[in-house]
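Structural overview for review
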2 protein chains.
Amino acid sequence: MHQTLVTNIHQLINVRQQTSLPKGSQLAELRVLKNAFLLIEDGKIVAWGEMDKMPPFTNEGIDRIDAKGASVLPCWCDSHTHIVFAASREEEFVDKIKGLSYAEIAAKGGGILNSAKKLNAASEDELYNAAIQRLHELIKLGTGAIEIKSGYGLCLEGELKMLRVIKRLKETVPIPVKATFLGAHTYPLEYKRDHAGYIRLITDEMLPAIASEGLADYIDAFCEEGFFSAAETETVCRAGERHGLKPKLHVNQLNSIGGIETGLKLNAVSLDHLEVMNADEITKLAKSATIATLLPSAAFFLRMPYQPARALIDAGATVALATDFNPGSSPSGNMGFVVSLACIQMKMLPEEAINAATLNGAYAMGLGDELGSITIGKKANLIFTKPIPSVAYLPYAFGTNLIDKVMIEGKFV
Amino acid sequence: MHQTLVTNIHQLINVRQQTSLPKGSQLAELRVLKNAFLLIEDGKIVAWGEMDKMPPFTNEGIDRIDAKGASVLPCWCDSHTHIVFAASREEEFVDKIKGLSYAEIAAKGGGILNSAKKLNAASEDELYNAAIQRLHELIKLGTGAIEIKSGYGLCLEGELKMLRVIKRLKETVPIPVKATFLGAHTYPLEYKRDHAGYIRLITDEMLPAIASEGLADYIDAFCEEGFFSAAETETVCRAGERHGLKPKLHVNQLNSIGGIETGLKLNAVSLDHLEVMNADEITKLAKSATIATLLPSAAFFLRMPYQPARALIDAGATVALATDFNPGSSPSGNMGFVVSLACIQMKMLPEEAINAATLNGAYAMGLGDELGSITIGKKANLIFTKPIPSVAYLPYAFGTNLIDKVMIEGKFV
């Protein structure tokens, strides 16, 4: 048994006796304990409270850390990323600035198929080495749990390679990693006129192979005009279900084509993106147990309207925030910046944004009992900030990295 | 004489034989030398070139730095900030998210007058200690020259106190600091109905006192509806001129009220903000020698339309980028993020944004001969990046701090 006592914490942020998934107006409930201590045992939180009520803790061998006025909050839980990729795509970024259309960029070999081409040319080791470097950078930025999608393979071998890389990441990084199979990311060129053929490849070849190696936790599809229809999305997800994979879906990024209804029918764990939502869809989603995962970095980078966070929260929806880190539409895995964007651009309150990026992100990966709040029994995956005067200062000081140190299972990284 | 030789630079960015102020389409001209070396002598650049043409440099005592594939660019030159302030204002940020109007926030004691109240209550030492800490953080973010404004005093003693703090910063930080007198930031409460009286205070009391202590390099006014009219701005600037202060002005942030015409008549060094510009103003500014300084962080934080960077550049204007770091409308001094915003939101090319944030920023502070490019004779104020595949990667990877080390006058900070 190894104990670590953290004293003199200026603000202990997101303290909860027990957790359930905060919905709607509950998202603004963020308990902050001033002048606090925290006790960690074997990587887990075992006690917390106010400094002036701290028991003596005379145990021999206890490690003592003086937080010296740092604020401490649970690590970010980033529930939507694509961080296994072979190469950045800044040349497409420049083409877009120059005014090239999506079709013109695609004609030059850009877009998801660009990433797919490069991914299929890269070895598993190359992909793993690049991804683990990215992941260690993200941990330094405070990410303490992450979901990673496949979807740049678009063929049996490529998808298996990506998912094997994610499996190796699971085994080698100190934070929880969840794997999502996104074979239905786009149609590869050879199946451009044979959607049914590609869907059969997903359902009849990819999924059985993935299941037999235990490579995925979730199934995803890009439900969008020109990509996967609501019916195609359902076919893919039903096949995933038969292999024990719950859906987490890309819906309503560019168009509303029935993805919300399909996702709710499938009891999706989360429906992600949601830039384009009508009032009826907001109401339906708010009434459900499905998490609405907003990805403001993608809207920011693509100069698109932001997700209707306020309308969703006010309707009672369960909102989470994630980065969508990927080389095409969101080349950033900085959850602190996502929290700033959520407040500055989507008018979420700092308390709402922090809950959405921690506890609700954890629930969006099935990790709500392990992470996302300062709760006894949860993992001590914690962010220690530089001195900050208030919780609101975190999103307010948007250009500043306020993270001083990151602790994973009780140890500073 | 002390020499430092930097070898194995992957990309030496913004290399110039000599410099003049790039206008319009010239802004996209950014020379990048691959696989380069750089020689520094007593804090200044004395030679640069390709590695395979590097002379032997056998001088005794020469320091050698292996850049190991870092890219090297001139430090950012941030020509518009308000970094001397007493307190952050995140409570107003939250009020704005909650939907309070500017008038309601002002009625609660918010806005510039909030900063003025807190500044006048703070001692010179307190202000200096807070500001120098901010400045050291900015240097770590790559800022190698900075302009700082007064304007939170709004009374003789308060303005002198701020400018004395800026003078102490000039004397104690290793980077060039320029001071701008912004007594005409807003009308203090006691002069709300006596604009002429406050302007007389500026022209007849503040300016002579400031000039006698040599406290300012430039004069500024907030030319805006409800603040200083074009005629009032001219009166203030003419008085400043008589004390040797050139104008750098806040114009067209919220409304077009003649600030451009006035600024051009006054031969302003720069006209800053420019969110709201009509075609005629763009043409006039483009034809002039005045620099158009764009502050996208303020537009971002206030959820306002961005400055028309493309129209200005395409019309031939001389565009610079700065942070506007201040506690109310731009609580960030991160020039790297400004460069990202310029590309992502204002469609500037990466080359244009880097020139605007380095060389043109230097010229906007009268430092074009000393800083802002890799040119023989200029100060070796340099950013060493983490490995980056291309120049465009800098703005593209918007959530990542790509700065590895910062060198000021040849020494790593």
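Now for the sheet that holds strand S7 (residues 143-149) of chain B. For sheets, the rule is that strands pair by backbone hydrogen bonds, running either parallel or antiparallel. Residues and elements named next belong to chain B. Reading across the sheet, the eight strands line up as S6-S7-S8-S9-S10-S11-S12-S13 and stay open at both edges, with parallel pairing between neighbours. The sheet is open, and its two edges are formed by strand S6 (76-78) and strand S13 (318-321), each paired on a single side. Geometrically, the sheet is characterised by an average inter-axis angle of 25° between neighbouring strands, direction not taken into account. Two strands pair when backbone bridges link them, and strand S10 (residues 246-251) and strand S11 (residues 270-273) are joined in this way by four bridges, in the parallel orientation. Its bridge partner lying in S11, Leu249 is registered against Leu271. Helix H12 (residues 335-344) rests against S6, S7 and S13 of the sheet, and its axis sits at about 90° to S6. Strands S6 and S13 of the sheet are contacted by helix H13 (residues 350-357), whose axis makes an angle of about 75° with S13.

All names here are of chain A. Entries for chain A in the domain assignment read domain 1 (3-74 + 373-412) and domain 2 (76-363). Domain 1 and domain 2 are separated by 30 Å when their C-alpha centres are compared. Between domain 1 and domain 2, the contact holds 32 residues from the first and 34 residues from the second. For the pair domain 1 and domain 2, the summed buried area comes to about 2400 Å², and 67% of that belongs to carbon and sulfur atoms. Interface area lost by domain 1 to domain 2 is led by Leu21, Leu27 and Pro395, which between them contribute 26%. Put simply, domain 1 and domain 2 have 13 residue pairs in polar contact (both at pLDDT 80 or more) between them. For the side of domain 1 that touches domain 2, the secondary structure elements donating two or more residues are strand S5 (71-74), helix H15 (393-396) and strand S15 (403-408). Broken down by element, the residue count for the side of domain 1 that touches domain 2 peaks at three residues, all from S15.

Taken together, the contacts link 36 residues of chain A with 36 residues of chain B. Here chain A is connected to chain B by zero salt bridges. Taken together, the connections running from chain A to chain B amount to twelve residue pairs in polar contact (both at pLDDT 80 or more). Counting residues per element, the ones that place at least two in the side of chain A that touches chain B are helix H1 (90-97), helix H10 (296-301), helix H12 (335-344) and H15 of chain A. Here the residues of the side of chain A that touches chain B are counted per class, giving 22 nonpolar, seven polar and seven charged.

What counts, and where the lines are drawn
Residues numbered from 1 in each chain as written. Chains lettered and ligands numbered in written order. Predicted model: local features only at pLDDT ≥ 70, side-chain atom pairs only at ≥ 80, totals over all residues. Heavy atoms only, no water. Pairing = 2+ DSSP bridges. Helix = DSSP H or I, 4+ residues; strand = E, 2+ residues; numbered from the N terminus. Axes fitted to C-alpha atoms, helices over the stretch in contact; angles between N-to-C directions. Contact = heavy atoms within 4.5 Å. Domains from an automatic or database assignment. Buried area = accessible area lost by both parts, 1.4 Å probe. Polar contact = N/O pair within 3.5 Å; in protein donor to acceptor, adjacent residues only side chain to side chain. Salt bridge = Lys/Arg side-chain N within 4 Å of Asp/Glu carboxyl O. Nonpolar A, V, L, I, M, F, W, Y, C, P; charged D, E, K, R; others polar.

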